[in-house]
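For reference, the chains in residue letters:
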Amino acid sequence: MDQHLFLGEEHSILRDQLRRFVEERVKPNGDAWEEAGMVPRDILREMGDLGFLGVRYPETYGGSDMDTRATVVLAEELGKSTFSGFAITALVHTDMASVHIFNAGNEAQKAQYMPDIIAGRKITAVCVTEPGAGSDVQGMRSHARREGDHYILNGSKMFITNGVHADLYCVAAKTDREGPSSQSVTMFLVEKGMEGFSVSRNLDKHGWRSSDTAELSFQDVRVPVENVLGAEGQGFYAIMQNFQNERLVAAAAAVGESTAAIELTTAYVKERQAFGAPLWSKQAIRQRLAMLSARVTAARALVYQTAARDANGEDVVREVSMLKALCGELVNEIMYDCLQFHGGAGYLRGMTIERMARDARVQSIGGGATEVMLEEVAKRM
């Protein structure tokens, strides 16, 4: 068994493969990706060749047919890479966007798209957030009306990860502008190059700089009827369902980031001399790092327990909401202290901890802000 009671040998093998890939392909090149503002597509295709983009999908399409536990192994190890922009590029594709196609798509849609998605030949994005509506899906204003064999899609989407360079977009829009959101949102498959669909802006971000993020515009985009994902008006439920996976993935990635930050800071303070001795000799510093390590270990245990329960078919909405809030806040607290213990050096561009601190800030915002998550927990108390 793995270090976690909840994992088996196949998860240990996956973890080892991921660690090797991160050491050999990500860490030596991540700085260049940060400068470029994107992860090269050949890297994502390489991840596809290695089986990393299809851990949850059936072998029929080229996947590994594993469960939620494999997802959190993937997210944690990508988080440990220290390049969270790279991590989110891959994780949006595997666990936040393509899941809409797999969960709601019909057999023809899955046969057409899933093999390319799993191989990394087609990269996906999910388009829910709008300039005026973030965690509030009910505030959505994008809309689509049916005309014969097409829907005419209009609206805009904001903060879309992979938005600049994706090939396939899962877009939420209202098909009944007067009805309640729970009955009026529909998901559409929009392909790059469709007339009227464009990238309005490539967004310049505080962190996650190796992930491309966009504002998107849809102006009278003619979307074929066969590109509807699932039933018309049922998109709200698809979004809510997939939010659970997204939030568990975000929590696991935050655990990976936290672990890496503590490890590199511990190594740094054992070497850094101050007042005639290593910083590690200061009780306040080593005890603070010890307590942070204890809290991350506890958070990781809840991540894996929740993943195992989800794989078992249990309702874990409360626990997933707890984890998203807990880990999003914890990773920021850890980065604050770890940068502090690096002293002035930690504030310099080019230092790993400086980049990690910027990257972590969005973890309490994206995928459901902490405050929204705590309301979800409170509803279930």
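Residues numbered from 1 in each chain as written. Predicted model: local features only at pLDDT ≥ 70, side-chain atom pairs only at ≥ 80, totals over all residues. Heavy atoms only, no water.

Peer 1: Would you mind showing me how to read the pattern of salt bridges here?
Peer 2: Oppositely charged side chains may form a pair once their charged atoms are brought near each other. Scanning the entire structure with this criterion turns up 26 salt bridges. Each member of the salt-bridge network shares a partner with another, and the members are R15, R19, E76, E77, K80 and R300. (Salt bridge = Lys/Arg side-chain N within 4 Å of Asp/Glu carboxyl O.)

Peer 1: What am I meant to see in the packing of helix α8 (residues 235–271) against helix α10 (residues 317–342) here?
Peer 2: Pairs of packed helices are described in terms of their axes, by the angle between the two and the distance that separates them. Two elements in contact, α8 and α10, have axes separated by 8 Å at closest approach and are oriented at 25°. By the angle class used here, α8 and α10 are roughly parallel. Read as a crossing pair, α8 and α10 show a hand that is left-handed. (Axes fitted to C-alpha atoms, helices over the stretch in contact; angles between N-to-C directions. Helix = DSSP H or I, 4+ residues; strand = E, 2+ residues; numbered from the N terminus. Parallel < 35°, antiparallel > 145°, perpendicular 65-115°, else oblique. Left-handed = near helix turned anticlockwise from the far one by under 90°.)

Peer 1: Where do I start with helix α11 (residues 352–360) in this structure?
Peer 2: Given 3.6 residues to a turn, an α-helix orients residues that are three or four positions apart in the same direction. α11 sits mainly inside the fold: seven of its nine residues count as buried. Three or more residues of α11 are buried, namely I353, E354, R355, M356, R358, D359 and A360. Buried residues along α11 sit in contact with α2 (30–36), α5 (84–104), α8 and α10. (Buried < 20%, exposed > 50% of the residue type's maximum accessible area, 1.4 Å probe, protein only. Contact = heavy atoms within 4.5 Å.)

Peer 1: Can you walk me through the pairing of strand β2 (residues 143–147) in this structure?
Peer 2: Consecutive residues of a regular strand have side chains that alternate between opposite faces of the sheet. Bridge count between β2 and strand β3 (residues 150–161): five bridges; the pairing is antiparallel. Each residue of the ladder has a partner; that of A144, found in β3, is L153. (Pairing = 2+ DSSP bridges.)

Peer 1: Explanation requested: unusual backbone geometry in the structure shown.
Peer 2: When glycine is set aside, most residues are seen to have a negative phi, and most peptide bonds are trans. Positive phi, close to 50°, is recorded for W208, a residue that is not glycine. Among the secondary structure elements, W208 is positioned in the loop between β6 (197–202) and β7 (213–224). For W208, a relative accessible area of 13% puts it in the buried group.

Peer 1: Quick question: what am I supposed to make of the environment of M47 here?
Peer 2: By the element assignment, M47 lies in helix α3 (residues 41–49). Those residues within four positions of M47 in sequence are excluded, and the remaining contacts are F21, F52, L53, L78, F86 and A90.

Peer 1: Just checking my understanding: could you explain α10 for this structure?
Peer 2: The terminal C-alpha atoms of α10, which comprises 26 residues, lie 37 Å apart, in line with the 38 Å expected from a rise of 1.5 Å per residue. Phi turns positive one or two residues past the end of α10, at G343, with a value near 65°. (Expected span 1.5 Å × (residues − 1).)

Peer 1: Please explain the packing of aromatic side chains as it appears in this structure.
Peer 2: For any two aromatic rings, the description comes down to two numbers: the centre-to-centre distance and the angle of the planes. All chains considered together, the criterion is met by seven aromatic pairs. Both rings, one in Y151 and one in F188, keep their centres 5.0 Å apart while their planes meet at 65°; by these two values the pair is edge-to-face. Taken together, the residues span a long stretch of sequence, with Y151 in strand β3 and F188 in strand β5 (residues 185–191) at a distance of 37 residues. By the burial criterion, Y151 is buried, and F188 matches it. When the ring of Y169 is compared with that of F197, the centres are 4.8 Å apart and the planes differ by 80°; the resulting orientation is edge-to-face. Residue Y169 is found in strand β4 (residues 168–174), and its partner F197 is found in strand β6; the two are separated by 28 residues along the sequence. Across the pair, exposure class does not vary: Y169 and F197 are buried alike. Three or more aromatic residues joined by ring pairs make a cluster, and in this case those are Y169, F197 and F218. Sitting over the face of the ring of W280, K270 holds its NZ or CZ atom 4.8 Å from the ring centroid. (Phe/Tyr/Trp six-rings, centres within 6.5 Å; stacked < 30°, edge-to-face > 60°. Lys NZ or Arg CZ within 6 Å of the ring centre and 35° of its normal.)

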